[in-house]
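Overview (structure and organization)
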Amino acid sequence: MEAAILFFLSSGLFLGWALGGNHLGNVFGTAIGTQMVSWRTAAILGSVFVILGAVISGAGPTETLGKLGAINTLGGSFMAALAAGLTVYWMTNLGLPVSTTQAIVGAILGWNFFTETQTDYTTLRHILTGWVAGPILSAVFAILLYLLLVMILRRAKLHLLRSDAYTRLGLIVAGIFGAYSLGANNIANVMGVFVASVPLADLSVSGIFTLNGKQQLFLMGGIAIAVGIFTYSHKVVETLGSGLLSMSPVAAWVVVMAHSLVLLMFASERLRDFLLAHGLPALPLVPISSAEAIVGAVLGIGLLQGGRGVRWHVLGHISLGWLLTPIISGIVCFFGLFFMQNVFDQTVH
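Not measured: the values here are computed from a predicted model. (Residues numbered from 1 in each chain as written. Predicted model: local features only at pLDDT ≥ 70, side-chain atom pairs only at ≥ 80, totals over all residues. Heavy atoms only, no water.)

**Quick look at the pattern of salt bridges**
Keep this limit in mind: What counts as a salt bridge is simple: a side-chain nitrogen of Lys or Arg found within 4 Å of a carboxyl oxygen of Asp or Glu. Labels follow the DSSP assignment, with helices taken as runs of H or I lasting at least four residues and strands as runs of E lasting at least two, numbered in each case from the N terminus.
Per the stated rule, a full pass over the model turns up three salt bridges. Two residues, Glu63 and Lys214, come together in a salt bridge whose shortest N-O distance is 3.9 Å. Here Glu63, found in helix α3 (residues 59–68), pairs with Lys214, found in helix α8 (residues 213–232); they are 151 residues apart in sequence, far enough to count as distant. Arg168 is the partner of Asp164 in a salt bridge, and the nearest nitrogen-oxygen pair spans 3.4 Å. Taken together, the positions of Asp164 and Arg168, both in helix α7 (residues 160–191) and four residues apart, correspond to about one turn of that helix.

**Focus on the packing of aromatic side chains**
How we decide: Working definition: rings of Phe, Tyr and Trp (its six-membered ring) pair if their centres are within 6.5 Å, and the pair is stacked with planes under 30 degrees apart, edge-to-face with planes over 60 apart, and tilted otherwise. Each residue gets one of three labels from its accessible area relative to the maximum for its type: buried under 20%, exposed over 50%, partly exposed in between, using a 1.4 Å probe on protein chains only.
Under the definition given, this model contains eleven aromatic pairs. Ring geometry for Phe334 and Phe335: centres 5.5 Å apart, planes at 85°, overall edge-to-face. Relative accessible area serves as the criterion here: at 25%, Phe334 is assigned to the partly exposed category. An aromatic cluster is defined as three or more aromatic residues linked by ring pairs; in this entry it consists of Phe113, Phe114, Phe334 and Phe335.

**Some details on helix α2 (residues 39–57)**
The cut-off we apply is this: For a helix, the expected span equals 1.5 Å multiplied by the number of residues minus one.
The end-to-end C-alpha distance of α2 is 26 Å, a good match for the 27 Å that 19 residues give at a rise of 1.5 Å each. Of the positions making up α2, those classed as buried are Ala42, Ala43, Gly46, Ser47, Val50, Ile51, Gly53, Ala54 and Val55.

**Notes on the packing of helix α5 (residues 100–115) against helix α6 (residues 121–156)**
Definition in use: Simply put, an axis is a line fit to the C-alpha atoms, just over the touching stretch for a helix, and the angle between two N-to-C directions goes from 0 to 180 degrees. Should an angle lie under 35 degrees it is considered roughly parallel, over 145 roughly antiparallel, and from 65 to 115 roughly perpendicular; all remaining angles are considered oblique. Each crossing is labelled by how the near helix is turned from the far one, with a counterclockwise turn of less than a right angle marking it left-handed and a clockwise turn marking it right-handed. Two residues qualify as a contact provided that any one of their heavy atoms is within 4.5 Å of a heavy atom in the partner residue.
Where α5 contacts α6, the two axes come as close as 12 Å, and the packing angle between them is 160°. Regarding the angle of α5 to α6, the classification is roughly antiparallel. Crossing of α5 over α6 shows left-handed handedness. Between α5 and α6, the residues in contact are Thr101, Gln102, Val105 and Leu109 and Leu124, Ile127 and Trp131, respectively.

**Focus: the nonpolar core**
The nonpolar side chains of soluble globular proteins are, as a tendency, buried together. Put simply, the rule is: The definition of a nonpolar core used throughout is a set of buried Ala, Val, Leu, Ile, Met, Phe, Trp, Tyr and Cys residues joined through side-chain atoms within 4.5 Å.
The biggest cluster of nonpolar side chains holds 67 residues, and the ones touching the most others in it are Phe28, Leu65, Ile104, Val105, Val193, Phe194 and Cys333. Sort the elements by how many residues they give to this core and helix α1 (residues 3–33) lands first, with eleven residues. Residues contacting Val105, with those up to four places away along its chain left out, are Leu65, Leu68, Leu124, Ile127 and Trp131. Ranked by size, the runner-up nonpolar core spans 21 residues in total, among them Val150, Ala251, Val255 and Leu299.

Everything listed is a geometric property; what it means functionally is a separate question.
In structure tokens form, the structure reads like this:
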């Protein structure tokens, strides 16, 4: 791969690093906050399975982002990813579980505005629908899963030590599922803007399997997310682990599972094809905000408990971050493109 291409990809890798730093809390934060899983264990498992999810199941949401704004030059792709990455980094530094999806969508809209490219409003509507439906579905799933699990545990009457062991195992399995779903759904945010501008030839790995161009980009992005998990995830883990709502280990498991189900539902091409084949309405394949999904699930548990334990001021800070993210990212991208084109003489469209 040419050095110039690697340089332009660096902004996508930076965005992946920022995503990893911000999103480990979404899949393992509650488990770490309840002290059922160590941070090191969570980081290792999260890194491995986020890469697998990205490479195996990341294609669907990426196609949707491509329809929203077909960024077709390396300069434009570089600045869109950089604008989103800087926004996520800043929000992460404040300890807020920001939406990487909102950041990259804001950056794409900034590119559309700068280049006077027509925005596909049907695609934008699908994405916005996912942003609204994601936390609502997470809350509903969390409530249903919690009621079902409590009923099962009451009937099982497990010994305290066995219950603790099962809970710990359940949180690890839920975190693995969550990391895979995160990679599958959110790798589009990291590398989606590069798919059209960086066409890579298929790569055969020891004759065992072949990675197409998209999968190679997804692999690089997944590795960047893993690096972010290991180097920069502590603050958001603390916020989601215990800052929004103090939870029992059982509730923590439910929250991660509900969040992960929502992410996978909006990323699975197989689920979409199955529903369409049986004449059922299918969900759009769009990148869902992992942060919104996890917060929706936490609120579902909180509302089930009467809303008394929810720290509403923390929710207010998180919501403010969601509101500002696409606006800041779009503005940064717009002015960044101006400098790329007029100062550094780079083609952005």
